[in-house]
Amino acid sequence: MIRTELRRSAAPWAAVLIVGIAAVLLFAFSGPWWKGGGAWNREWTGLARWERNTLMLVWPFAIGVGALQGLRDHRSGMAELLTTTSRPRWRRAAQTAGAMAIAMTAGYLVIFAIGAVQVAGNATYFHWGWAPILLVGVLSLIGAAWLGMGIARLAPSVLTPPLLAVTALAVAVVTQVSPVGGSLLSGSVPDRIAWLSPVQDGPDDAFTSVAGRMNLGQGLWFLGMAVTGFVLLAATRAATKLLAVVPLLAGAAVALPLLPATVAQAQEVDQGAVALVCADGLPRVCVTNVHQEFLGALVQPAREALALLGKVPGAPTSVEEVTTGEPFYGRRPVVAGVVQIDFDDFDLASGLRSTTDPDRLRRYLVAGAGTPTCYGRVEMDENYERERAARAVSAAGLTGELRPLSGSGSAYFRNELETLARPAWESFRVLPAAEQIARLSAMRVAAETCRGGTLEILTNGVAR
Amino acid sequence: MRWFVLYARSRGIPLALAAILLSTTSFWALAALDGAPDPELSVLILVAGTAFAAAGLTGQDIALDRIAAIRWPPRRAVHVLAIAVVVGSALLFLQNWGDPLSLAGVVLRDTFGLTGLAALGATLCGGQYAWTFPTGWFAFSLGVPIDASVLSQVAGWLWQPPGTPAATAASLVLGIGGTLAYAVCGNRR
């Protein structure tokens, strides 16, 4: 019987459409799901979380399809006839609901499998942390579809499916919690309530995962929703239909205290992902577990860079990956003695990929004598350009050749290199070796504390 | 008048009208609760309106409709355009109170295109499934990244600023195409 339901009901169409909707979104558009370490095709957590992001479209669709399916008995006009058979109502309901659940699960898993093929080729760090995120996604679809079926049986109107789908869409829209601004209703409704929606933002990096209490709370909530939907679909007495709301309310009552109160609590650091993996031997060159596939390509240029930096007193003696994202303004906390690297940095990523210019990575690592930039990702003013020029000149001072730090080699960067860095380099290169080292050292101290004037130190020996 | 009343009843228009007014006012109130005008909610008002109205594009019995000695094509076209007028003006009317949610040009463009989509849905799949077309495109365009590519502008035509050629073209193609398709072919069973 369930085989018949799988073929004859809306279930197969629903599964195909779920895969279609999500696949078109993920493949046809170069959205944020393709970018950075948290991209959907890079790591397992990123894949599971970006698939949850597609629920923005798929979840309202599931409740609408469920409602369309729930209208079937009403449309065929045989509900009364079926009550004359001796088979209990719930067994018939179980077949339709089971077919729908299988379709929802299959559709969601196929999308995951498409991503998993790509991730398996890219990721070296495997873990099971993605499983709860995936499971909650599946549960949310089953819960939505069954609730749709139940409500449509209760209110068999042609308007029921669009009403449910549009309401779910509105819920998904207004409750979407963005990491920066919170949800649309943040001012008036606590984030805790917003997390009753299954839609989540994808991650920026590969280091964070969804907090366990978030998965548990949402899982229980959607379980309650599924039970309510099924009872509504199977109930024959009015009293049972009334009682059907109890699992939904119980799910909410259990979930709300479990769900995190703030955006920060909703995420947790994936300790397995951020654990450092170091190359054999010294000096230390370490990357996170999740990025260990880059270690092989990094270690040789990194050690050459550290050897060059050894000439500058106080310069870093090891290379380590950082796990905090680049801030919009200012810089991350600096660790003394360490060249901090971030694989989401465009210059580093392109340096690693570069086959035409093997020195680029080394140049990138010695820039600023191993100090990080003082400016955040949205600060692109004149000070940033002067700092960039100083970094290029300091890299040239150590490698002996002025070349662009950026991989792009675009006209903009070439122009910046010629107008600011070239004159500074011409005056720097003619200095005696001891004076060069003294200026590099002074520049390093200034750059470490973000006092500015690094370009002037290299050209004149003093900040102003 | 008698014809009009019978027609409205057979298409479930009173209930759909109630649903449109309810959703428009409640989403408008939701937007007012938030304070800042959200493009999502203003477009969602139009999506909800066209989705609910779309169910009425199928009558009780298509065979019965066919045997009537009535010229259906102009009536069908009027029905589609009436949906656009009701849905669009409900939002424009409510906007007179409080901060306007969106510009009149955007409301006009989006309503026309969405109504055409709903009519297309009724033509291809029947009135009971027609809501999936405007709702689906809206949901899909939520995920479309905002950039200057023509693909993004067409896929996200609902969100473009007024006067964006690609978005206006998308709205006109959907609106005119959907209305014509429904007027000529009628709904699918």
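In this text, all values refer to a predicted model and were calculated from it rather than measured experimentally. (Residues numbered from 1 in each chain as written. Chains lettered and ligands numbered in written order. Predicted model: local features only at pLDDT ≥ 70, side-chain atom pairs only at ≥ 80, totals over all residues.)

A.B. asks: Just to check I follow, could you spell out the confidence of the model for chain B for this structure?
C.D. replies: Residues shown with low pLDDT carry predicted positions that ought not to be read at fine detail. Residue and element names in this part refer to chain B. In the predicted model, chain B carries a mean pLDDT of 86, and the fraction of residues at 70 or more is 96%. Mean pLDDT in chain B bottoms out at helix α4 (residues 62–67), which sits at 77, and peaks at helix α10 (residues 165–185), which reaches 93. Note on the complex model: pTM 0.84, ipTM 0.91. (pLDDT = per-residue confidence, 0-100. Helix = DSSP H or I, 4+ residues; strand = E, 2+ residues; numbered from the N terminus.)

A.B. asks: Whenever I open this one, the packing of helix α2 (residues 11–28) of chain A against helix α4 (residues 55–70) of chain A confuses me. Can you help?
C.D. replies: Two packed helices can be described by the angle between their axes and the distance between those axes. Residue and element names in this part refer to chain A. For the pair α2 and α4, interaxial distance at closest approach is 10 Å and the crossing angle is 160°. Compared by their axis directions, α2 and α4 come out roughly antiparallel. The element α2 and its partner α4 pack so that their crossing is right-handed. For the pair α2 and α4, the contacting residues are A14, L17, I18, I21, A22 and L25 in the first and L57, V58, F61 and V65 in the second. (Axes fitted to C-alpha atoms, helices over the stretch in contact; angles between N-to-C directions. Parallel < 35°, antiparallel > 145°, perpendicular 65-115°, else oblique. Left-handed = near helix turned anticlockwise from the far one by under 90°. Contact = placed C-beta atoms within 7 Å.)

A.B. asks: Sorry if this is basic, but what is going on with the environment of S42(B) here?
C.D. replies: Residues and elements named next belong to chain B. Tracing the sequence through the fold places S42 in helix α3 (residues 39–54). On the neighbour-count criterion, S42 (23 C-beta atoms within 10 Å) is buried. Beyond its immediate stretch of four places on either side in the chain, S42 contacts A31, L91, L101 and S102. (Buried ≥ 20, exposed ≤ 12 C-beta atoms within 10 Å, placed from the backbone.)

A.B. asks: Would you mind going over the pairing of strand β4 (residues 285–288) of chain A with me for this structure?
C.D. replies: Both faces of the sheet carry side chains from a regular strand, because those side chains alternate between them. All names here are of chain A. Here β4 shows no split at all, with V285 and V287 on one side and C286 and T288 on the other all buried. Of the strand pairs in this sheet, strand β3 (residues 276–278) and β4 are connected by three bridges, and their pairing is antiparallel. By the bridge assignment for β4, L276 is matched with T288. Between β3 and the antiparallel strand that follows it, β4, lie six residues; G281 among them carries a positive phi value of about 85°. (Pairing = 2+ DSSP bridges.)

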